[in-house]
Amino acid sequence: MRHHRPVLILLLLFVGLAALYSAATPLGEGPDEPGHAGYVFFLASAGRLPDPRAGEVPGEGHQPPLAYVAALPAALWLPADQRALDQPANARFAWGGGGDSNAVAHGSRELWPWRGAALAWHLMRLASVAWGALAVGTTYLAALAGAARLAPGVEPRRLALLAAAVVALNPQFLFICGVVSNDPALAACCAAALWLALRGPGAWPMARYGATLGLLLGLGLLVKLSALVLGPPLALALAAWAWKPGRAGAARRLAAGAGAFGGAAALAAGWWFVRSWQLYGDPLGVAAFSAEFATQPFDFTSPLAWAMALGQLHSSFWARFGWMNIAPPLWVVWLYGALALAGLAGWAIQVRRGGLRPWLPPLALIATAGAWLLLFVRTAGLVGWQGRLVFPALPALALLLAAGLAHPVWRWPRASAAAGLAALALPAWLALGVIAPAYQWQVLSQPAALARIEREVYGRFGLAGDPGADLRGYALAGQARPGQALELTLYWHSQGRQNRDWTVFVHLVDADDTIVAHVNGMPRQGQFPMGQWDAGDWVEDTHTLALPADLPPGTYRLRVGLYDAKGSQRRAGMWDKKNKLRGDYLTLSDIQVTE
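This structure is a prediction, so every number in the text was calculated from the model and none was measured.

A. Representation of the overall build of the protein chain. Scanning the protein chain from N- to C-terminus turns up 18 helices and nine strands. Expressed along its principal axes, the backbone C-alpha trace of the protein chain runs to roughly 105 × 60 × 50 Å. A burial count over the protein chain gives 52% of its 595 residues as buried. Within the protein chain, contacts between residues separated by at least 24 positions form 74% of all contacts whose residues are at least 6 apart in sequence.

B. Structural view of helix α13 (residues 303-318). With 16 residues, α13 extends 23 Å from end C-alpha to end C-alpha; this agrees with the ideal 22 Å at 1.5 Å per step. For α13, every residue scored as buried is listed here: Ala 305, Ala 309, Leu 313, Ser 315, Ser 316, Phe 317 and Trp 318. As for α13, its buried residues are in contact with α7 (171-177), α14 (330-354), α15 (360-380) and α16 (394-405).

C. Representation of the sheet that holds strand β7 (residues 554-563) in the model. Strand order in the open sheet formed by four strands is β5-β4-β7-β9, and the pairing between neighbours is antiparallel. Both edges of this open sheet fall to β5 (515-521) and β9 (586-593), since each of them pairs with a single strand only. Averaged over all pairs of adjacent strands, the angle between their axes in this sheet comes to 20°, without regard to strand direction.

D. Structural view of the pattern of salt bridges. Under the criterion given, the structure shown has 15 salt bridges. Between Arg 388 and Asp 32 there is a salt bridge whose closest N-O contact spans 3.4 Å. Placement of Arg 388 in the loop between α15 and α16 and of Asp 32 in the loop between α1 (5-24) and α2 (33-46) is noted, with a sequence separation of 356 residues between them. With a relative accessible area of 8%, Arg 388 lands in the buried category. For Arg 571, the salt bridge identified is with Asp 584, shortest N-O distance 3.3 Å. With Arg 571 in the loop between β7 and β8 (573-575) and Asp 584 in the loop between β8 and β9, the pair connects residues that are 13 residues apart, well separated along the chain. Each member of the salt-bridge network shares a partner with another, and the members are Asp 32, Asp 183, Lys 224 and Arg 388.

E. Spatial organisation of the packing of helix α8 (residues 183-199) against helix α9 (residues 206-221). Direction vectors running N to C along α8 and α9 enclose 165°, while the axes themselves pass 9 Å from each other. Taken as axis vectors, α8 and α9 run roughly antiparallel relative to one another. For α8 against α9, the interelement crossing comes out left-handed. Counted together, Leu 186, Cys 189, Ala 192, Ala 193, Leu 196 and Ala 197 of α8 and Tyr 209, Thr 212, Leu 213, Leu 216, Leu 219 and Gly 220 of α9 form the full contact between these two elements. Class assignment of the residues belonging to the contact of α8 with α9 gives a composition of ten nonpolar, two polar and no charged.

F. View of the pairing of strand β1 (residues 455-462). Looking at chain direction, β1 and strand β2 (residues 469-478) are connected through five bridges and run antiparallel. Paired with Gly 459 across the bridge in β2 is Leu 471. Pairing geometry for β1 and β8, over three bridges, is antiparallel. Residue Gly 462 lies in a different strand from β8, and its bridge partner there is Gly 573.

G. The nonpolar core, seen in detail. Judged by nonpolar contacts, the single largest core of 107 residues is most densely connected at Phe 14, Tyr 21, Phe 173, Phe 321, Trp 359, Leu 399 and Leu 430. In terms of residue count, the dominant contributor to this core is α8 (twelve residues). In this structure Phe 173 touches Phe 14, Gly 132, Ala 135, Val 167, Pro 184, Ala 187, Phe 391 and Leu 394, once residues within four positions along its chain are discounted. In terms of nonpolar packing, the next biggest core, distinct from the first, is built from 37 residues, Ala 469, Leu 471, Phe 528 and Tyr 556 among them.

H. Summary view of a nonpolar patch on the surface. Residues Ile 9, Leu 13 and Leu 424 make up a contiguous nonpolar surface patch of roughly 220 Å² in combined accessible area. Structurally, Leu 424 is set in helix α17 (residues 413-435). According to the relative accessible area criterion, Leu 424 is partly exposed, its value standing at 32%.

I. Molecular detail of the sheet that holds β8. Read from one edge to the other, the open sheet built from five strands follows the order β6-β3-β2-β1-β8, with strand pairing classed as antiparallel. Strand pairing shows two members of the sheet lacking a second neighbour, β6 (538-546) and β8, which therefore form its edges. Mean inter-strand twist for the sheet, computed between neighbouring axes without regard to direction, equals 35°.

J. Representation of unusual backbone geometry in the model. In this structure, the amide linkage connecting Trp 112 to the following residue, Pro 113, adopts the cis form with an omega of 0°. Assignment of secondary structure puts Pro 113 in the loop between α4 (73-76) and α5 (116-150). Although it is not a glycine, Asp 513 sits at a positive phi angle of roughly 65°. Along the chain, the position of Asp 513 falls in the loop between β4 (503-509) and β5. Relative accessible area serves as the criterion here: at 41%, Asp 513 is assigned to the partly exposed category. In this structure, Gln 569 takes a positive phi of about 70° despite not being glycine. Position of Gln 569 among the secondary structure elements: in the loop between β7 and β8.

K. Structural view of the side chain of Glu 110. Here Glu 110 is to be found in the loop between α4 and α5. Despite its burial, Glu 110 pairs with no opposite charge; the closest candidate is Arg 109, at 6.2 Å N-O. A polar contact is formed between the side chain of Glu 110 and the side chain of His 106, at a distance of 2.9 Å. The contact partners of Glu 110, leaving out residues within four places of it in the chain, are Pro 26, Leu 27, Gln 87, Ala 105, Ala 118 and Trp 441.

L. Examining α1 more closely. Relative to the 28 Å expected for 20 residues at 1.5 Å per residue, α1 spans 29 Å between its end C-alpha atoms, a close match to the ideal helical length. Burial in α1 covers these residues: Val 7, Leu 10, Phe 14, Leu 17, Ala 18, Tyr 21, Ser 22 and Ala 24. End-on, the buried residues of α1 take up no more than an arc of 160°, which puts them together on one face. Facing away from the buried side of α1 by more than 90 degrees, the exposed set consists of Leu 12 and Ala 23.

Conventions used here
Residues numbered from 1 in each chain as written. Predicted model: local features only at pLDDT ≥ 70, side-chain atom pairs only at ≥ 80, totals over all residues. Heavy atoms only, no water. Helix = DSSP H or I, 4+ residues; strand = E, 2+ residues; numbered from the N terminus. Buried < 20%, exposed > 50% of the residue type's maximum accessible area, 1.4 Å probe, protein only. Contact = heavy atoms within 4.5 Å. Expected span 1.5 Å × (residues − 1). Pairing = 2+ DSSP bridges. Axes fitted to C-alpha atoms, helices over the stretch in contact; angles between N-to-C directions. Salt bridge = Lys/Arg side-chain N within 4 Å of Asp/Glu carboxyl O. Parallel < 35°, antiparallel > 145°, perpendicular 65-115°, else oblique. Left-handed = near helix turned anticlockwise from the far one by under 90°. Nonpolar A, V, L, I, M, F, W, Y, C, P; charged D, E, K, R; others polar. Core = buried A, V, L, I, M, F, W, Y, C linked by side-chain atoms within 4.5 Å. Patch = residues over 30% accessible without salt bridge, like charges linked within 9 Å, V, L, I, M, F, W, Y side chains within 5 Å. Areas by Shrake-Rupley, 256 points an atom, 1.4 Å probe, with all protein chains shown as cover. Lys, Arg positive; Asp, Glu negative; His and termini not counted. Polar contact = N/O pair within 3.5 Å; in protein donor to acceptor, adjacent residues only side chain to side chain. Arc of directions from axis to C-beta.

In C-alpha cells:
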C-alpha cells in the first residue's frame, strides 16, 4: 500500500478538483446535462426506460441506461412529485445570438444550501466523479501492467502515476466528471478494458479471460453506443494472448476465448440492441438519431474546414467548457499543445527502443476512437468535433503521453517539479478563474432577498388560475424633488412557471389618479424576463422613475403593476393574502414631493 500512496493522493486530488468544477458550473451547463439529469429523474419517477418516440427525455432518451441507473439513488429519496427540476431555456444564450454564457435560466432553488431536486442533481454529479476516479485508477493499473513492454527503462510506478495524472489533471475531463454525463462511465470501462488487454490472462483460462473482456465490452455498450470502439482492440488483445509462438493449441485457446468473448458481450448488452430494433427497426438507431440531432454537415474536402475542426477538437479535448462556449485564454490551449507534442516526441523515441508491437492495444483503441469520431461527424455534422467524444481513448492517449514524458530526455528535476505544480494549479485556476466568472446569477436566495427588503408589502400578480408572482417588498432611494429621480427596487417571489414575459409599470399619480410620472420596463432590464421565472425564484428588480422638472410639490401615490406589452396589452390581476382580487395594481406608499 505504501508504494501506491502517490496514486491514492492523486485520486484524492482528482476528487477534490472534480468537486470544485462541479461547484463552479451551474446545473445544466454541461454538454446535454439537462437531458442526462432528466433521464435519471425519469427513471426515478416512471420506473422504466424512456421511449424517445413518445418524446420522453428529449435529447438523451435514446441512450443506454447503465450510467443513469448508477446515479439513480441520488433521486430516489425525493418525494415522487419532486423528481424533476425545470430549467427554462435562456433566450439570451450565446449560441442563440445573445450575450449570455448560460444555456438555461438558473433559479433560486439552485443556490446554496441545496435542497430537493437541486440537491439530487448535485448528488448525480458525484456519480460522474466516482466514474472518473475509477478511470484514473484503472489507467494507473493499465500502465503498471504494460510498463515493462511499453517503456523499457522507465520505472513502472513512475510511468503509471504519470499516465494516471494525465487523465486526472485534464481540465476537460475534470469538467465532464463534474456534471451529469455518461462520458466518465465510458472512460472508466475503456480504462478497465485497456488494463485487462495489457495485463493478459495470467493464470486464467482463455475462456474466462475472453468472458471478462466480453463483459467489459457489454457493460460499455450499456453506457454508450460508442463503446463499440472497444471491439477491435479487445479482439486484438485476445488473439495476441491466445496465439503465443511456440505453444500448442493456439487455435483451440483462441476459439474458446473468442466464443466466451462474444457470448458474454451478447448476454450483457444484446437485449439493448434487440430493444432498439423493436423501437426503430435498426439495432443501432442511426436513422432516428440522425433525424433528431444532425446539424450543419462537415465538408470533408475542405482543408480549411479540417484545420478549424482539428483546432476545435484539440482545444475541447483539454479545456473548452460549458456547452463548448466557455473558452480559456489562448495560451492555455497552446500550453497543452506543447505538452502533447513533447509527449509524442518522447514516445517516438521510446518506440524506436522497444518496438511498436507492445503498443498495438492502446494504438488500436486510439484508432477506433478516431474512426468512430469521423463516423459521428458524418452522421451528426459539425457538432461532432468535441474532444470529450474521444475520451474512450483517453486512457490510451494518457499512456502514450506518459511514456513520452517519462523519457530521460525530459527528465530535468527542477523543470519536472515546476511542471507538477503547474499541472495542479492550472486546472484549479480554470475552474475558479474561467468557468465560475462566466455565469451571471439573476436571482437571490431567500435570506438575501428578505434582508434587502426595506418595506414589506404583498400582492400576487398574474391571471386567474396562474401561480403568478408575489411582490413581497421594495426599497426606495433618491430625492423626491422636481427634476430628480427615484430608484425603486422591487423584490419578487415567483410562485411557479410564468406563462408570459410581463412588463412592469411604475406610476406616480396625484390625488385625481392622474399619472404624473411613469416608467415601464422588463424585470432586470430584460436580462431575466418573467417567462424564465420558476417556482421559488427571488428576483431583485430595479426601475428608475424620473420626476418632471415642473412637478408641483405635494403628496402622490406610488403604484406598481404588470401588463402584457408584447401581446394583448392587458394587465395582470392583483390578489391579496386572502386570495381576493383587489384590482390590477398595488399601491406601495405615499410620496411627498418637496421643493
